[in-house]
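# Survey of secondary and tertiary structure
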Amino acid sequence: SRNPDWWRQAVVYQVYPRSFADADGDGLGDLPGITARLTHLAALGVDALWLSPFYPSELADGGYDVADPRDVDPRLGTLDDFDALVAEAHRLGLKVIVDIVPNHTSHQHVWFQEALRAGPGSAARDRYVFRDGRGARGELPPTDWQSLFGGSAWQRVPDGQWYLHLFAPEQPDLNWDNPEVRADFRTTLRFWADRGVDGFRIDVAHALAKDLSEPLRDLGAPELSREEALAEFAPGTHPFFDRDEVHEIYRDWRKIFDSYSPPRAAVAEAWIPDPRRALYARPDELGQAFNFEYLQAPWDADALRTVITDTLATARGAGASATWVLSNHDVVRHASRLMLPPGTDENAWLLSGGHAPAVDPEAGLRRARAATQLMLALPGSAYVYQGEELGLPEVADLPTEVLQDPVWEQTGRVRKGRDGCRVPLPWTRTGPSYGFGASGSWLPQPPGFAAYSVGAQDGVEGSTLEFYRAALRLRRKLTTDETLTWAQDTPPGVLQFDRSEGWRCVTNLSDAPVDLPAGEVLLTSAPLEDGRLGPDTTAWLSV
Ligand code: GLC
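Conventions and cut-offs
Residues numbered from 1 in each chain as written. Predicted model: local features only at pLDDT ≥ 70, side-chain atom pairs only at ≥ 80, totals over all residues. Heavy atoms only, no water. Helix = DSSP H or I, 4+ residues; strand = E, 2+ residues; numbered from the N terminus. Expected span 1.5 Å × (residues − 1). Buried < 20%, exposed > 50% of the residue type's maximum accessible area, 1.4 Å probe, protein only. Arc of directions from axis to C-beta. Contact = heavy atoms within 4.5 Å. Polar contact = N/O pair within 3.5 Å; in protein donor to acceptor, adjacent residues only side chain to side chain. Near = heavy atom within 4 Å. Nonpolar A, V, L, I, M, F, W, Y, C, P; charged D, E, K, R; others polar. Axes fitted to C-alpha atoms, helices over the stretch in contact; angles between N-to-C directions. Left-handed = near helix turned anticlockwise from the far one by under 90°. Pairing = 2+ DSSP bridges. Phe/Tyr/Trp six-rings, centres within 6.5 Å; stacked < 30°, edge-to-face > 60°. Salt bridge = Lys/Arg side-chain N within 4 Å of Asp/Glu carboxyl O.

## Focus on helix α10 (residues 301-318)
Count 3.6 residues to each turn of an α-helix, and residues three or four apart come out pointing the same way. Between its terminal C-alpha atoms α10 stretches 26 Å, which fits the 26 Å expected from 18 residues at 1.5 Å a residue. Listed as buried for α10 are Ala301, Leu304, Val307, Ile308, Thr311, Leu312, Ala315 and Ala318. One face of α10 carries all of its buried residues, which in axial projection span an arc of 145 degrees. The exposed residues of α10 that point more than 90 degrees off its buried face are Asp302, Ala313 and Gly317. The elements touched by buried residues of α10 are α8 (276-279), α9 (292-296), β10 (323-325), α13 (361-377), β12 (485-486) and β13 (494-499). The N-cap of α10, judged by a side-chain oxygen 3.2 Å from the amide nitrogen of aspartate 302 a few residues on, is aspartate 300. Count one or two residues on from α10 and you reach glycine 319, which has phi positive near 75 degrees.

## Describing the site of the ligand
The environment of the ligand is formed by 14 residues, the closest being Asp61, Asp203, Glu269, His329 and Asp330. Separating an oxygen atom of the ligand from a side-chain N or O atom of arginine 201 is a distance of 3.0 Å. In this structure, an oxygen atom belonging to the ligand sits 2.5 Å away from a side-chain N or O atom of aspartate 330. Its residues assigned to classes, the shell around the ligand comprises four nonpolar, three polar and seven charged.

## A short note on the packing of helix α6 (residues 179-194) against helix α7 (residues 246-257)
The geometry of α6 relative to α7 is characterised by a closest axis approach of 10 Å and an angle of 35 degrees between their N-to-C directions. Two packed elements cross with a definite hand, and for α6 against α7 that hand is right-handed. The segment α6 lies against α7, with Arg182, Phe185, Arg186, Leu189 and Arg190 engaging Ile249, Asp252, Trp253, Ile256 and Phe257. Here the residues of the contact of α6 with α7 are counted per class, giving six nonpolar, no polar and four charged.

## Details of unusual backbone geometry
Each neighbour pair has its own omega, and for glutamate 214 with proline 215 the value is -5 degrees, a cis peptide bond. With respect to the element layout, proline 215 can be found in the loop between β7 (199-202) and α7. A cis geometry characterises the amide bond from serine 261 onward to proline 262, with omega recorded as -5 degrees. With respect to the element layout, proline 262 can be found in the loop between α7 and β8 (265-268). One non-glycine residue, tyrosine 434, adopts positive backbone phi at about 50 degrees. Position of tyrosine 434 relative to the elements: it lies in the loop between α14 (406-410) and α15 (449-452). Positive phi outside glycine occurs at aspartate 530, with the angle close to 50 degrees.

## Side note on the pairing of strand β1 (residues 11-15)
The element β1 is largely enclosed, with a buried count of five among its five residues. Both faces of β1 are covered, namely the face carrying Val11, Tyr13 and Val15 and the face carrying Val12 and Gln14. Here β1 pairs with strand β11 (residues 381-385) via four bridges, running parallel. By the bridge assignment for β11, valine 12 is matched with tyrosine 383.

## Details of the packing of aromatic side chains
Within this structure, the stated rule accounts for 30 aromatic pairs. For the ring pair tyrosine 250 and tryptophan 253, a centre distance of 5.3 Å and an interplane angle of 80 degrees mean the geometry is edge-to-face. Taken together, the positions of tyrosine 250 and tryptophan 253, both in helix α7 and three residues apart, correspond to about one turn of that helix. For the pair tyrosine 250 and tryptophan 253, a shared accessibility class is recorded, and that class is buried. Between tryptophan 486 and phenylalanine 497, the aromatic rings sit 5.5 Å apart at their centres with planes inclined by 85 degrees, giving edge-to-face as the arrangement. Taken together, the residues tryptophan 486 in strand β12 and phenylalanine 497 in strand β13 connect sequence positions 11 residues apart. Judged on exposure class, the residue tryptophan 486 and its partner phenylalanine 497 are both buried. Here the aromatic residues Trp50, Trp271, Phe290, Phe292 and Tyr383 are joined through ring pairs into a cluster of three or more.

## Points about the sheet that holds strand β9 (residues 287-289)
Pairing is parallel in the open sheet, where eight strands are placed in the order β9-β8-β7-β3-β2-β1-β11-β10. Two strands close off the open sheet at either side, each with one partner strand: β9 and β10. The average angle at which neighbouring strand axes cross in this sheet is 25 degrees, direction not considered. Relative to strand β3 (residues 95-100), strand β2 (residues 48-51) runs parallel, the two sharing four bridges. Across the sheet, the residue bridging to tryptophan 50 is isoleucine 97, located in β3. On top of the sheet, α13 reaches β1, β10 and β11; it is set at about 150 degrees to β11, its chief contact.

## Brief notes about the environment of tryptophan 324
On the secondary structure map, tryptophan 324 appears in strand β10. Assessed through its relative accessible area of 0%, tryptophan 324 is described here as buried. As for tryptophan 324 and phenylalanine 290, which are separated by 34 residues in sequence, their C-alpha atoms are 6.9 Å apart. The residues contacting tryptophan 324, other than those within four sequence positions of it, are Asn291, Tyr294, Ile308, Thr311, Leu312, Met375, Leu378, Pro379, Gly380, Ser381, Ala382 and Tyr383.

## Re the sheet that holds strand β5 (residues 154-156)
Taken in spatial order, the three strands make up an open sheet running β4-β6-β5, and their pairing is antiparallel. On the outer flanks of this sheet lie β4 (130-131) and β5, each paired with one strand and no other. Bridge count for β5 against strand β6 (residues 162-164) is three bridges, and the pairing is antiparallel. The residue bridging tryptophan 154 from the neighbouring strand is leucine 164, located in β6.

## Concerning the pattern of salt bridges
Following the criterion strictly, the structure yields 40 salt bridges and no others. One salt bridge in this structure joins aspartate 274 and arginine 277, with 2.6 Å as the shortest N-O distance. Overall, aspartate 274 belongs to the buried group, its relative accessible area being 19%. Measuring nitrogen to oxygen at the nearest pair gives 2.8 Å for the salt bridge that ties arginine 413 to glutamate 409. Relative accessible area serves as the criterion here: at 47%, glutamate 409 is assigned to the partly exposed category. In the salt-bridge network here, residues are joined through shared partners; they are Asp61, Asp330, Asp405, Arg418 and Arg422.

Below, the structure is given as structure tokens:
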């Protein structure tokens, strides 16, 4: 449709291309694999798919190390394959969102290769952040800034200079004060918008603008380079996160988005709290920003009520639409995560192979379904991560020899990283890689994946897949406006609200069954218990 506001209440399905479907049998998911499976997304009932990076990349960071932002990784296909994917998606009524990675490139990008050759002080080096080191011979990094993946954020090159990388050393940060950098991303946005892409997800949207005035400032304590430590700075003044100037970039991009009909949509990935996060979502900027406070909230009625209320108020104040997300390629899948007691060290849990504490997969799935149905009732758009419609748990017991996430090595094998949510999808009950492809998969799938496969759930009453389909079908019929009204005097542990179209959502987060409110039951995330709503269950009712 040409509705310019399609994204405001959309359900967007995140595809992690290398783990979705492998058409050519090399063990790596690819674009033709996605195209062949788009009917799965249409039948699920989502509005759009968001493709994580499929650009040429040596996979130092799962594709977020982009060697050429205007091409397709040859292992994943060609630009023609991309066009075919978009055409088929549009034929099925699905919008397509692509990932833009503007904070850094791959070190294999022609610009970085040129910068290495050109030497200190060159125009080529000015597209990145090169500096001389400290110490008598420049042998110390220019500042104490730490990479988000561990270790110094500076890497030395053979001629003695250092370059900045907030992530892996293979991901040199771009210098957004450089006009060529700005111009090149305008070209990239137009390149994909011209190919029919409907929207963009902006990676690390809050890190592009940096205070690079001399002398660069130390942060004092290395941990202050972490996003969590933003609070140590007056808003907008951290040397590289969430600086006020970053918004000029998005105001510039909005002019490009709005030059298309319908205007291209955009969503910021910015791991910063509201109300600063909402600034990225203003109508003259990106329109939306992922809401990670909801993702990080404990499974607790009061905590969730507060996050939901605050999120809606802040989004409304910014003129944006709210977003909700429970899982993505960077976090522990919510069918496992929501079972971890508040305060659990997730990394320690992953290092224990998911055994300390043990998570009962059935209980986890029950809770995940309740959380999902609650999310899908909220005003705004919901982002669903591939495999959650199958109820996939985190693969917490991946042996360390198979880990691919750079976080593992870069932290000196301290942080296990994000591979456990990136294991390729099971499509069939049997077969090599459970239908992911004709051979193996780039990360090993556990035998338990058979029971989660699409083949095991398709058409099976009560399966998680059929539950998602039913929820999305109902949501489509019901959702129009962007408000909710909390019920008063609900029992402790119960969240209940009405949407103006005459329907009601109630979630029981307590550990005992509760009475259902008035209304005709439309859908529940688990069977009712003697007509009552059991623990960890959500119901939708018409009123
Ligand atoms: C974003 C991506 C993550 C990636 C990082 C660096 O947070 O979601 O996967 O590692 O940016 O690009």
